Amino acid sequence: QVQVVESGGGLVQPGGSLRLSCEATGIIFRIANMGWYRQAPGKQRELVASITSDEATDYADSVKGRFAISRDNAWNAVYLQMNSLKPEDTAVYYCSAGYGSRLQDYWGQGTQVTVSS
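Residues numbered from 1 in each chain as written. Predicted model: local features only at pLDDT ≥ 70, side-chain atom pairs only at ≥ 80, totals over all residues. Heavy atoms only, no water.

1. A closer look at the overall build of the chain
(1) Moving on: Counting its regular elements, the chain contains zero helices and eleven strands.
(2) Moving on: Secondary structure of the chain in N-to-C order comes out as β-β-β-β-β-β-β-β-β-β-β.
(3) Moving on: Compactness check: the chain gives a C-alpha radius of gyration of 13 Å against a globular reference of 13 Å for 117 residues, within 12% of the reference.
(4) Moving on: C-alpha atoms of the chain, sized along the principal axes, occupy 40 × 25 × 25 Å.
(5) Moving on: Split into buried and exposed, the 117 residues of the chain put 41% on the buried side.
(6) Moving on: Within the chain, counting contacts between residues at least 6 apart in sequence, those at least 24 apart form 54% of the total.
(7) Moving on: Of the roughly 6,200 Å² of accessible surface on the chain, a fraction of 45% belongs to carbon and sulfur atoms. (Helix = DSSP H or I, 4+ residues; strand = E, 2+ residues; numbered from the N terminus. Rg over C-alpha atoms; globule rule 2.2 N^0.38 Å. Buried < 20%, exposed > 50% of the residue type's maximum accessible area, 1.4 Å probe, protein only. Contact = heavy atoms within 4.5 Å. Areas by Shrake-Rupley, 256 points an atom, 1.4 Å probe, with all protein chains shown as cover.)

The following block contains the structure:
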C-alpha cells in the first residue's frame, strides 16, 4: 500500500523559515520523481519544486532562490526548505510521487503553511 505523508507545516512570520518533510512508502523511492505542490484558497494547485531520481531539481519562478528541495533515498524522504517566507506562500502544501516522466502518480494529504504576522 502506497502512503505519502507530509509534515512540518505551521504558522510562521514573514521572513521566517520552515522545513517540510515527506515520507513515501510502498513505492520504489529511488527511481521515483518527487514534487511539492501548493494550493492557496481560491487558486489552482501549482508545482513549487521537483526533484528527479537523478536529483535534477526545478522550481517555480516565485520560489527560486528561497526554497530548496532535496531527497534522502535511505529514508524514502523528500524535503522542502523554505526561507524568506512571504504571506503569498500561504497554502496547503502537497507532496507527490511519480515514475518515468510523471510527478502525480501518488499524493499526500497536505500540510498547511501559513505566513502571517
